[in-house]
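# Architecture at a glance
Here is what each chain is made of, one letter per residue.
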Amino acid sequence: MSGREPRRAVVTGIGAVTPHGIGTEVFWKTTVGGGSSLAALDRGGCEGYALRVAGQVRGFDPAALVEETFLVQTDRFTHFAMAAARLALEDALLADADFDSPYSVGVVTAAGSGGGEFGQRELQNLWGQGSKYVGPYQSIAWFYAASTGQISIRHGFKGPCGVVASDEAGGLDALAQAARTVRHGTDTVVVGAAEAPLAPYSIVCQLGYPELSRATRPERAYLPFTDEACGFAPAEGGAVLVLEEERAARARGAEVRATVAGHGATFTGASRWAESRDGLAHAIDIALREADCRPEDVDVVYADALGVPEADRAEAGALADALGPHARRVPVTAPKTGTGRAYCAAPVLDVTAAVLGLQHGLIPPTPHVTEPRHDLDLVTGSARAVEARTALVLSRGLMGCNAALVLRKGGAQGPHQ
């Protein structure tokens, strides 16, 4: 590597399966238009729980995007991931590529809830009918690493593979792991996160989170940075990106959409939201240093936006600590208030929106929020036209992980590089 330009990881493809619809086009159109897909939870078997509002993926036919051989082995969260991976590879014009070596392509995913729907069904079979009625795939379908394994098997990818388990922040940590893998020599990494936490068993588990919104009206269920904040509305779905080494991507004529420039991660403890101020600020500092980015170079922030007053104050404070006076001027947005918070997939969807926003010169608004607080320039109402070059994406997990990711438009380098 001596005397050569460093390897950089760039985004060349995106696939998304979200409450807004299937594919990045419908996701972006609804997101930039300030639309919301939060609705009353009407999934079969989920009636009667305190959770009333969620972001549900509707109209998803897994058989249209995933072969039957894989469908019978996997849970809904892996169906989302496999479908999004296929869409991302098609978007990158790599779906039918003849790779020089299967070892040149890796896979990294993050997941928090795992295969709750599949696991619940098989356990019901066990206790209701006996062990002979439990399928062999129960041993793998529930596992949080299932998506990485099935994507790699399906496409024959044999490069570095992994799964990140760092609760919601794992979505950003997976992207950082993928970027490091590219920088260390792998040409291509398929990376992302998908969740399907809207099965009865999964919902019962989530009801233990005090941060979960119990609101009954979709427009009032998820209102971060406001006086009416009452927690977050959960969601299912996810997104997958294709990261490639920049020179290799350009050599094959791929569109270089964004560069993963910097990442930082810290840990401050489960539900210790006041302490997350320092932890998140430190993660931002690390990410900015790795990206060789000054605070004033940040053009837009995609906030974690938990919707819990103490956590929202801590996030606003973390931005003030890390960005200084620029924190009051930089536009901040939280488009996830229109889809719901899809756990590990939530920050990957924010990265998707950030990449598309950098491309189109637009910052999507924060649905449902009309009177923000905390001295932030929160984008509400309608999209804001900004020729942004650098985006900062933030995430915090309920178990205490914090992460920050810096993206640059296209193949742009930092001002000091």
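Residues numbered from 1 in each chain as written. Predicted model: local features only at pLDDT ≥ 70, side-chain atom pairs only at ≥ 80, totals over all residues. Heavy atoms only, no water.

- Per an unreviewed UniProt entry, the chain goes by Ketosynthase chain-length factor and derives from Streptomyces galbus.
- In its Sequence similarities (unreviewed entry) section, UniProt records this for the chain: "Belongs to the thiolase-like superfamily. Beta-ketoacyl-ACP synthases family." (UniProt positions renumbered as here; feature names shortened; annotations may be inferred.)

### Some points on the pairing of strand β5 (residues 105-110)
- In terms of burial, β5 is largely enclosed, as 6 of its 6 residues are buried.
- Burial along β5 is two-sided: the residues V105, V107 and T109 and G106, V108 and A110 are all buried.
- The pairing of β5 with strand β6 (residues 161-164) spans 4 bridges and is parallel. Note that in β6 the partner of T109 across the bridge is V163. (Buried < 20%, exposed > 50% of the residue type's maximum accessible area, 1.4 Å probe, protein only. Helix = DSSP H or I, 4+ residues; strand = E, 2+ residues; numbered from the N terminus. Pairing = 2+ DSSP bridges.)

### Focus on the environment of V190
- Tracing the backbone through its elements, the reader meets V190 in strand β7 (residues 188-195).
- By relative accessible area, which is 1% here, V190 ends up buried.
- On a C-alpha basis, the gap between V190 and T226 in space is 37 Å, while along the polypeptide they are 36 residues apart.

### Examining the pattern of salt bridges
- Under the definition given, this model contains 26 salt bridges.
- When the shortest N-O distance is used, the salt bridge between E236 and R76 registers 3.1 Å. With E236 in the loop between α8 (200-206) and β8 (237-245) and R76 in helix α3 (residues 76-91), the pair connects residues that are 160 residues apart, well separated along the chain.
- Residues joined in a network through salt bridges with shared partners are E5, R8, E246 and R250. (Salt bridge = Lys/Arg side-chain N within 4 Å of Asp/Glu carboxyl O.)

### Topic: unusual backbone geometry
- Of note in the backbone geometry, S271 takes a positive phi value of approximately 55° without being a glycine.
- Take S271: it is sitting in the loop between β9 (258-267) and α10 (273-290).
- Of the residues examined, S271 reaches a relative accessible area of 32% and is grouped as partly exposed.

### Quick notes on helix α7 (residues 170-183)
- Over its 14 residues, α7 runs 19 Å from end to end, which matches the ideal 20 Å to within 8%, given 1.5 Å per residue.
- Within the sequence span of α7, burial applies to G170, G171, L172, D173, A174, L175, A176, A178, A179, T181 and V182.
- Directly beyond the C-terminal end of α7, a positive phi value near 130° is found at G185. (Expected span 1.5 Å × (residues − 1).)

### Observations concerning the packing of aromatic side chains
- What the rule picks out here adds up to 5 aromatic pairs.
- Pairing F99 with F157 gives two aromatic rings, centres 5.8 Å apart and planes at 85°, and the pair type is edge-to-face. In this pair, F99 is assigned in the loop between α3 and β5 and F157 in the loop between α6 (146-155) and β6, connecting sequence segments 58 residues apart.
- For F99, a relative accessible area of 22% puts it in the partly exposed group. (Phe/Tyr/Trp six-rings, centres within 6.5 Å; stacked < 30°, edge-to-face > 60°.)

### Notes on the nonpolar core
- One finds I284, V298, V301, L319, L323, L392 and L394 to be the most contacted residues of the largest nonpolar core, which totals 51 residues.
- Looking at this core, the elements with two or more residues in it are β4 (53-55), α10, α11 (309-323), β15 (390-396) and β16 (401-409).
- When residues of this core are assigned to their parent elements, the largest contribution, 7 residues, is made by α10.
- In this structure, L392 is in contact with I284, V298, V300, V301, Y302, L319, A404, L405 and V406, ignoring residues within four places of it in sequence.
- Counting residues in hydrophobic clusters, the runner-up holds 45 residues, among them A179, V182, L358 and A403. (Core = buried A, V, L, I, M, F, W, Y, C linked by side-chain atoms within 4.5 Å. Contact = heavy atoms within 4.5 Å.)

### Examining the side chain of S202
- With respect to the helices and strands, the residue S202 is situated in helix α8.
- The exposure class assigned to S202 is buried, which follows from its relative accessible area of 6%.
- Not counting chain neighbours up to four residues away, the residues in contact with S202 comprise G116, A196 and P197.

### Here's the deal with the side chain of E315
- Looking at where E315 falls in the secondary structure, it is placed in helix α11.
- Accessibility expressed as a relative area gives 0% for E315, which makes it buried.
- Ignoring any residue separated from it by four or fewer positions in sequence, one finds E315 in contact with F225, L280, A303, D304, A305, L394 and R396.

### Overview of the packing of α3 against α6
- Remark: α3 packs on α6, axes separated minimally by 9 Å, with the N-to-C direction vectors making an angle of 45°. Here α3 is positioned oblique relative to α6, judged by the angle of their axes. Our pair here, α3 against α6, has a crossing hand that is right-handed. Contacts from F77, T78, A81, M82, A85, R86 and L89 of α3 reach α6 at A146, S147, Q150, I151, R154 and H155.
- The residue makeup of the contact of α3 with α6, split by class, is 7 nonpolar, 4 polar and 2 charged. (Axes fitted to C-alpha atoms, helices over the stretch in contact; angles between N-to-C directions. Parallel < 35°, antiparallel > 145°, perpendicular 65-115°, else oblique. Left-handed = near helix turned anticlockwise from the far one by under 90°. Nonpolar A, V, L, I, M, F, W, Y, C, P; charged D, E, K, R; others polar.)

### Re a nonpolar patch on the surface
- On the surface, a nonpolar cluster with roughly 330 Å² of combined accessible area is contributed by W142, F143, Y144 and V163.
- By the element assignment, W142 lies in the loop between α5 (138-141) and α6. (Patch = residues over 30% accessible without salt bridge, like charges linked within 9 Å, V, L, I, M, F, W, Y side chains within 5 Å. Areas by Shrake-Rupley, 256 points an atom, 1.4 Å probe, with all protein chains shown as cover.)

### Observations concerning the packing of helix α1 (residues 24-32) against helix α12 (residues 345-360)
- Direction vectors running N to C along α1 and α12 enclose 75°, while the axes themselves pass 11 Å from each other. In terms of orientation, α1 lies roughly perpendicular with respect to α12. Residue-level contacts link T24, F27, W28 and T31 of α1 to L349, T352, A353, L356, G357 and H360 of α12.
- Residues of the contact of α1 with α12, tallied by class, amount to 5 nonpolar, 5 polar and no charged.

### What about the environment of L172?
- Note on placement: L172 falls in helix α7.
- Spatially, the C-alpha atoms of L172 and R272 are 20 Å apart, while their sequence positions differ by 100 residues.
- In this view, L172 contacts H263, P347, V351, V393, L394, S395, A403, A404 and L405; residues no more than four positions away in its chain are not counted.

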